[in-house]
Every structure is written in structure tokens, then in C-alpha cells.
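Below, each chain spelled out in residue letters.
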Amino acid sequence: MKTAVKYRLILTAIALLVLAAAVVIFALSLRPEPVDPHEGQVYIYDGFDWIWMTPLPGVEANTMTADDFSDQSGHPTYTGDGYQVLRGVDVSEHQHEIDWAQVAASGVDYAYVRLGYRGYTEGGLFEDPYFRKNVEGALANGLQVSVYFFSQAITVQEAIEEAEFVLERIKDYNITLPVVFDWEKINGETAARTDTLDFNILNDCAVAFCDTVKNAGYAPAIYFNRHLGYYGYDLSRMTDYAFWFALPESSFPNFYYAVDMWQYSFTEQVPGISEPTDMNLMFIPPETDEDAA
């Protein structure tokens, strides 16, 4: 009799343990899954720190990495297989007289020429004094050519005015590359009219300039550095334009979003140009059947 009671007590204890385990498992199943606070985000370096960022919808991500580039004689060279790459200079009056025959012979494929600029204090529009000579010299020596305009627009109307200023001056030239809106923050002791410009207005200005250029039959582009690309421009509004990204002294275009051109140096020494100049790589994706059609 005592054995039977002892056996029943053991079975009861086991049953209680099983029941308790079942209750615990059921309770755990009711607990919500832990939430990843960074779900849908990417971890990127913004030029100052590593941060979590939510990618902009509709903006293509950059697939190039440092492994796609090598250093050849002090110049970054694309060694990946996703793009055809062209090397190009961008110049202004600061480079003075240029021997474009020497530039072309040195292996440069294209040239971006500053067409003009808006003053950053009073806001006047000015043509670069070397614009015509540089465009004509580059074209005469077989380079692909386009222009950029240094903007200090603070209204949409001013951005349209800048685009029209550009269009009037390029109509007689064979401009085959995107025309660039180049708005930059002025750093210096003198106050600039753009110092307090709201980035929402800047985005409106960029779109107005680029759409005016596009409506005239040219491809538009915007120029920006990493800070402006992450914190200034809403690139999701600009997916119809080419992106020209400035990041000198880097081994590759270290930016989350895909770029069409990378300015990798501000101080390149180029035969035919006596002053240090900017140097760029342009990435041309392979032509698809849709493009060919």
C-alpha cells in the first residue's frame, strides 16, 4: 500500500512538473519578439562618425567597394567589372591658360568646365572668363565636354535664372555630358547670402535648375560632398539626375548611394595645366537591351 501511494505521488509530481513547463512555454510564446531598433537601416560613415541611417526610397545603392579599386602610380583605378570608366578634369579660371592638346595626350577623356557662378554676397551672375576658351580647346582636342555652374541660389526663381544663363551659353557647343548644378556651402569670414538657407529650399532650387536643363534637352546632374549628400539633399527627389560625388583622398567613392562620377582629387598635376586641378572618374554602366532600343 505504501508503495502504491509513493508511486502515485511521483506520478503527480511529474505531471505537475510537465504542467508547469507547459505553462512556462505557453507564457514565453505570448511574449513579443524583441524589436530590432535598427531594422531597415544601414550602418554608414557620414564623414564624421558611424551612424545608423534609413535609406531613401527609390535611390539606388552603391555596389562599388574598396576591392573594386587599386592604386596605380598614386591614382585610384577602377578594377571591377561593372562599369566602363572615363577619367576627366574639371577646371575654371583658377587653372588659367590650359594646353588642351597636352591634356588630351595625357589620357584625359573628358572635361568639365565652369561656365559661371553667382556671387555669394550680392548675388550677381558672372561668366567664367575662361569658359569659352576652355570649352573650345577641349572640344578641338577630342574630349567629351560639359559645364557646371557654381550656384548660390536662394530661391527657385534664381535657380531657374541660373539654368537659363547656362543654356544661353552652351547652345552653340557640342555638350554631351550632364550639365551640373554645383551648390556649395561658403566657408570663410565673409557672410554668404546662403549661410542660413533652409535645405528644403535648396532641394527646390536643385530640382528647378535640373528640370529647366532637362526640359531644354540636356541631361542634368547635381554635385555634392558626403555631408550635403546625406544631410542636405533629398536624393529621392533627384533620381532622374546624374550624381557627381566629391570625396578626395579616398580609396573609393565611399558613399551609400550609387554615383555616376567621383571627384577623387583637388590637387592633381595634369600635363598642360600649370595649376593643381580636380580629377574625376566617370562610371558608365553596360548598355542594356532597353537602352539600345
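Residues numbered from 1 in each chain as written. Predicted model: local features only at pLDDT ≥ 70, side-chain atom pairs only at ≥ 80, totals over all residues. Heavy atoms only, no water.

Scanning the protein chain for helices and strands turns up 7 helices and 13 strands. Relative to its full complement of 293 residues, the protein chain shows a buried share of 43%. Taking contacts inside the protein chain between residues at least 6 apart in sequence as the whole, the part at least 24 apart equals 63%. Surface accessibility of the protein chain: about 16000 Å² in total, with carbon and sulfur atoms responsible for 54%. (Helix = DSSP H or I, 4+ residues; strand = E, 2+ residues; numbered from the N terminus. Buried < 20%, exposed > 50% of the residue type's maximum accessible area, 1.4 Å probe, protein only. Contact = heavy atoms within 4.5 Å. Areas by Shrake-Rupley, 256 points an atom, 1.4 Å probe, with all protein chains shown as cover.)

As for its placement among the helices and strands, T277 is situated in strand β13 (residues 277–284). Judged by relative accessible area, T277 falls into the buried class, the value being 0%.

Moving on, we come to the packing of aromatic side chains. In the structure shown here, the tally under the stated rule is 26 aromatic pairs. Taking 5.6 Å as the distance between ring centres and 85° as the angle between the ring planes, the aromatic pair formed by F69 and W262 counts as edge-to-face. Of the two residues, F69 is situated in strand β3 (residues 69–72) and W262 in strand β12 (residues 261–268); the sequence distance between them amounts to 193 residues. Residue classification places W262 among the buried positions, given a relative accessible area of 0%. One aromatic cluster in this structure is built from F224, Y230, Y233, F243, F245, F255, Y256 and Y257. (Phe/Tyr/Trp six-rings, centres within 6.5 Å; stacked < 30°, edge-to-face > 60°.)

Quick look at helix α3 (residues 131–140) now. Listing the buried residues of α3 in full gives F131, N134, V135, G137 and A138. Packed against the buried residues of α3 are β5 (84–91), α2 (100–105), β6 (110–118), β7 (125–127), β8 (144–151) and α4 (156–170). Phi turns positive one or two residues past the end of α3, at G142, with a value near 85°.

All we've got here are geometric facts, nothing functional implied.
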